[in-house]
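Chain by chain, the residues run as shown.
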Amino acid sequence: MSNEQDLTIESKLAEQEYFEPPTEFVGQANMADPAVYDRFDEFPEGFEEYAEMLDWDEHWDEVLDDSNPPFYEWFVGGKLNASHNCIDRHLDERKNQTALLWEGEGGEQRNISYQDLYREVNEMAAALRSAGVEEDDIVTIHLPMVPALPITMLACARIGAPHSVVFAGYSAGALAERVNTADSEHVVTIDGYYRRGDFLEHIEKTDEATDEFDGDPDVLAWTRHDEPQTDISDDYTLVSELLADHRGERVEPVSRDAEDPLFLMYTSGTTGVPKGCQHRTGGYLAYATGTANYVEDIKPGDTYWCMADIGWITGHSYIVYGPLSLGTTSVMYEGTPDYPHKGRTWEIAEKYDVDIFHTSPTAVRQFMKWGKEELEGYDFDFRHMTTVGEPIQPEAWLWYYEHIGDESAAIVDTWWQTENGGHLITNLPAIHDMKPGSAGRPAPGIEPAILDDRGDEIEAGTAQAGNLAITRPWPGMLQTVYGNDERFIEEYWERFSDTDSGDSADWVYEAGDAAMQEADGYYRVLGRLDDVMNVAGHRLGTMELESAVAEVEDVAEAAVAARDDTEKGEVPDVYVTVREGVEETEELRGRIVESVEEGIGKFARPSNVLFVDELPKTRSGKIMRRLLEDISNDEELGNTSTLADPSVPETIRDQLQAD
Ligand code: ATP
Ligand code: MG
């Protein structure tokens, strides 16, 4: 990026706090009427607006039963099937429209129409049944980004067997842990898939996990090609053989109670041992569909691409359930964005003429690091773009807006968690102005509060940092932590609720994130509570500090860790990776320190600026600051089981020792 352009970005940031959504966008948006907020404030009836977007076998009798908090029940008495909602109900109008547009790493392509999906999901549902899967059995799905994944999920939903998708990148140990804690008797895997040109023998992870399984689960194995590409144990059943026995079969969708679980999903494990979040059928599907409609602005005629992996909640809600329930065309890509070249993302965007693009701040920072040159020559035009997963630094937001959105796309930053089912804090793109670095307003019907450590509400709009909490239930919320109601209460409710009370008004959901609400009503999420440090009495969010560092031209990514200091309590260490081709010099260190002093104040001055090759991240791409903190404080590393690359923390230690 040239100096000149940096100046434009900086001056824009300084001058312009808000960006209006493009008029063209507003004109076509699914929801552009501010009255939607008033409707949803009729609590809980407002949420019926989302439930009405679905097909129900039986209408609900009661919107919300809150008589036993925090075990809320939504759309009580209603019955429905998620696979019917994502497939069958679209057949009349759009059976020949593409439902899933799959691109293999090497450029293979599959256009799966709604009719194809109907046929394949029915056959798979019949196959699962013949393999002994019964209603309410939990099926663990350990599949990469290939069509077999959503097909298996929807087949499970069809027969009322909750799925538990384990991200394909997870190891044998992580798989076994999730199979065991979910008491799952069925595991679905695949011989392999492509990663950076190689055929990765994925099935080995299940082979290896076998010794660690508590029970003796049945294993069903898909194959990436017609023929297996690797040895498959005789103990496993080939899905292709089962399917051959069920060609053309139809399976009636099982009518599920709204409160019957649809799936389990484990959290990313950024802060510790992952929690198995259990999601209900009716409330979850309503919330995922409603937010996909109003926030993602998805229409049936769109080509929509969410770059997340289906192995995370974002992929569940915003690649599979939300988009398919709305009858759109959802893109899936097998590979990584830099293989075989760094323009791969834009090549796909152009090839399929993608309208809506959903990604993460970590991906945006990666694109920035590679430089805008990688975008040159690709012709694509996004109407709408979104991010999720971490706070997005204003610097990264602007880059996204200018270079990827061409200043003509609406953007929303969506805050939510695995536990939440769908977006909780996000602007509706046609209603509110965009504000870089800010998640914006609560989604319709959602009532957040910022609480101090005693649980007292910090006055709204005062921009004072505190604990982000949600004070009313919503349909997308988890039912419990699977098999562990105590942990459910401990993790999310105990801290700010009167747990002896049977009155829902005394129960408050604790998000575990720090945030502030500014005078304009917008929320700024500052990061994990643990990521907020106390420097000589000043509360300092990592987001704020990292944004100041990221403004320095040569910085690619920055993460701040708190180091214990006898004098000040804590001081910030800044870990920095530089952009391609940039040298790690004292002069650059100086610019980083200066940027923090100018942007925040002298008190926030980094105690060390440490150049590293890579930051420790979870497999979902989030920076694990607590590991950097362990390094800074010369302590033993905490739980590293969810790290994408387990060698990164030790490499950093070695690098620092060598310096
Ligand atoms: P674990 O709970 O196991 O530690 P995790 O919290 O990283 O893992 P997820 O549920 O995948 O697992 O992530 C939710 C968290 O991601 C939020 O609590 C928040 O810290 C962060 N997050 C998500 N979206 C945003 C956003 N738009 N802005 C700021 N932070 C976000
Ligand atoms: Mg979490």
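Residues numbered from 1 in each chain as written. Chains lettered and ligands numbered in written order. Predicted model: local features only at pLDDT ≥ 70, side-chain atom pairs only at ≥ 80, totals over all residues. Heavy atoms only, no water.

Some words on the overall build of the chain
Inference 1: Looking only at helices and strands, the chain has 21 helices and 30 strands in total.
Inference 2: Rg of the C-alpha trace for the chain: 24 Å, near the compact-globule value of 26 Å for 659 residues, within the 12% margin.
Inference 3: Reported as C-alpha extents along the three principal axes, the dimensions of the chain are approximately 70 × 55 × 50 Å.
Inference 4: A burial count over the chain gives 62% of its 659 residues as buried.
Inference 5: Put simply, of all contacts in the chain between residues at least 6 apart along the chain, 71% involve residues at least 24 apart.
Inference 6: Carbon and sulfur atoms make up 40% of the accessible area of the chain, which totals about 24400 Å². (Helix = DSSP H or I, 4+ residues; strand = E, 2+ residues; numbered from the N terminus. Rg over C-alpha atoms; globule rule 2.2 N^0.38 Å. Buried < 20%, exposed > 50% of the residue type's maximum accessible area, 1.4 Å probe, protein only. Contact = heavy atoms within 4.5 Å. Areas by Shrake-Rupley, 256 points an atom, 1.4 Å probe, with all protein chains shown as cover.)

Points about the pattern of salt bridges
Inference 1: As enumerated under the stated definition, the model contains 44 salt bridges in all.
Inference 2: Taken together, the salt bridges that share partners define one network made up of Glu-17, Lys-435, Glu-518, Asp-520 and Arg-524. (Salt bridge = Lys/Arg side-chain N within 4 Å of Asp/Glu carboxyl O.)

Quick notes on the UniProt feature "domain: AMP-binding enzyme C-terminal" (unreviewed entry) in the chain
Inference 1: Listed under "domain: AMP-binding enzyme C-terminal" (unreviewed entry) in the UniProt record, and renumbered for this structure, are residues 544-622.
Inference 2: The span residues 544-622 carries 27% helix and 32% strand; its end-to-end C-alpha distance comes to 16 Å. (UniProt positions renumbered as here; feature names shortened; annotations may be inferred.)

Focus: the nonpolar core
Inference 1: Phe-75, Leu-117, Trp-222 and Tyr-321 are the most contacted members of the largest nonpolar core, which has 113 residues in total.
Inference 2: Setting aside residues no more than four positions away along its own chain, Leu-117 makes contact with Ile-87, Ala-99, Leu-100, Ile-112, Ile-151, Leu-154 and Leu-324. (Core = buried A, V, L, I, M, F, W, Y, C linked by side-chain atoms within 4.5 Å.)

Notes on the pairing of strand E14 (residues 261-266)
Moving residue by residue along a regular strand, the side chains alternate between the two faces of the sheet.
Inference 1: Counted residue by residue, E14 has five buried out of six residues, so it is predominantly covered.
Inference 2: Across two bridges, the pairing between strand E7 (residues 163-165) and E14 is parallel. Paired with Ser-164 across the two strands is Leu-264, which belongs to E14.
Inference 3: Of the pairings in the sheet, the one linking E14 to strand E15 (residues 276-280) comprises five bridges and is antiparallel in character. Within E15, the residue paired with Leu-264 across the bridge is Gln-278. (Pairing = 2+ DSSP bridges.)

Considering the confidence of the model for the chain
Inference 1: In the predicted model, the chain carries a mean pLDDT of 94, and the fraction of residues at 70 or more is 98%.
Inference 2: When pLDDT is averaged over each helix and strand of the chain, the minimum, 54, is found for helix H1 (residues 3-15) and the maximum, 99, for helix H8 (residues 148-159).
Inference 3: Here residues 1-7 scores under 50 on pLDDT; set against residues more than four positions off or in separate chains, the count is eleven contacts.
Inference 4: Taken over the whole predicted complex, pTM reads 0.92, whereas the ipTM for its chain interfaces reads 0.99. (pLDDT = per-residue confidence, 0-100.)

Some thoughts on the side chain of Asp-297
Inference 1: Position of Asp-297 relative to the elements: it lies in the loop between helix H12 (282-294) and strand E16 (303-306).
Inference 2: On the basis of relative accessibility, which here comes to 1%, the residue Asp-297 falls in the buried class.
Inference 3: Other than its neighbours up to four places away in sequence, Asp-297 contacts Phe-25, Gln-28, Ala-29, Asn-30, Ala-292, Asp-302, Ile-356, Arg-383 and His-384.

Things to note about the sheet that holds strand E6 (residues 139-141)
Inference 1: An order of E12-E11-E8-E6-E7-E14-E15-E23 is seen for the eight strands of this open sheet, with the pairing classed as mixed. Looking at the sheet topology across the chains shown, the edges are occupied by strand E12 (237-238) and strand E23 (480-481).
Inference 2: As paired elements, E6 and E7 share three bridges and run parallel to each other. Along E7, the bridge assignment pairs Val-139 with His-163.
Inference 3: Packed on one face of the sheet, helix H13 (residues 313-325) meets E7, E14 and E15 and runs near 140° to E14. (Axes fitted to C-alpha atoms, helices over the stretch in contact; angles between N-to-C directions.)

Comments concerning the state of the cysteines
Inference 1: The full count for this structure, using the stated rule, is zero disulfides.
Inference 2: Summary of cysteine pairing: Cys-86 is not part of a disulfide, and the nearest cysteine sulfur, belonging to Cys-156, is at 13 Å.
Inference 3: What makes Cys-156 buried here is its relative accessible area of 0%. (Disulfide = S-S within 2.5 Å.)

Overview of the packing of H12 against H13
Inference 1: Two numbers describe how H12 lies on H13: the axes approach to 8 Å, and their chain directions differ by 85°. Comparing the axis directions of H12 and H13 gives the class roughly perpendicular. Taking contact as the criterion, the partners of Tyr-284, Leu-285, Ala-288, Thr-289, Thr-291 and Ala-292 in H12 are, on H13, His-316, Ser-317, Tyr-318, Tyr-321, Gly-322, Pro-323 and Ser-325. (Parallel < 35°, antiparallel > 145°, perpendicular 65-115°, else oblique.)

Observations regarding the environment of Ala-29
Inference 1: In this fold, Ala-29 is placed in the loop between helix H2 (23-28) and helix H3 (35-41).
Inference 2: The contacts of Ala-29, once residues within four sequence positions are left out, are Asp-297, Lys-299 and Ala-430.

A few points about the UniProt feature "domain: AMP-dependent synthetase/ligase" (unreviewed entry) in the chain
Inference 1: Mapped onto this structure's residue numbering, the UniProt feature "domain: AMP-dependent synthetase/ligase" (unreviewed entry) falls at residues 88-473.
Inference 2: For the annotated span residues 88-473, helix accounts for 29% and strand for 21% of the residues, and the straight-line distance between the end C-alpha atoms is 30 Å.

Some words on the site of ligand 1
Inference 1: Neighbouring residues of ligand 1: 21 residues in total, closest Thr-267, Ser-268, Thr-270, Thr-271 and Thr-418.
Inference 2: Within the side chain of Ser-268, one N or O atom sits 2.6 Å away from an oxygen atom of ligand 1.
Inference 3: About the coverage of ligand 1: the protein hides 95% of its 630 Å² of free accessible area.
Inference 4: For the shell around ligand 1, the secondary-structure elements that each account for two or more residues are strand E20 (410-414) and strand E25 (523-528).
Inference 5: Residue classes in the shell around ligand 1 are distributed as five nonpolar, nine polar and seven charged. (Near = heavy atom within 4 Å. Polar contact = N/O pair within 3.5 Å; in protein donor to acceptor, adjacent residues only side chain to side chain. Nonpolar A, V, L, I, M, F, W, Y, C, P; charged D, E, K, R; others polar.)

What about the pairing of E16?
Inference 1: Both faces of E16 are covered, namely the face carrying Thr-303 and Trp-305 and the face carrying Tyr-304 and Cys-306.
Inference 2: Pairing between E16 and strand E17 (residues 329-333): three bridges, direction parallel. Its bridge partner being in E17, Thr-303 is matched across the sheet by Thr-329.
Inference 3: With H13 bridging E16 and the parallel E17, this β-α-β connection has right-handed handedness.
Inference 4: With three bridges joining them, E16 and strand E18 (residues 356-359) adopt parallel strand pairing. Each bridged residue has a counterpart across the sheet, and for Trp-305 the counterpart in E18 is Phe-357. (Right-handed = clockwise from strand over helix to strand, strands pointing away.)

Topic: the sheet that holds strand E19 (residues 384-388)
To summarise the sheet geometry, strands pair through backbone hydrogen bonds and adopt either a parallel or an antiparallel arrangement.
Inference 1: Pairing in this open sheet of seven strands is mixed, and the strands run E5-E4-E17-E16-E18-E19-E20 from one edge to the other. Edge positions in the sheet fall to strand E5 (109-113) and E20, since each has one partner strand and no second. Each strand of the sheet is rotated relative to its neighbour by a mean of 20°, with strand direction disregarded.
Inference 2: Packing against the sheet, helix H14 (residues 344-352) makes contact with strand E4 (98-103), E5, E16, E17 and E18, and its axis sits at approximately 145° to E4.

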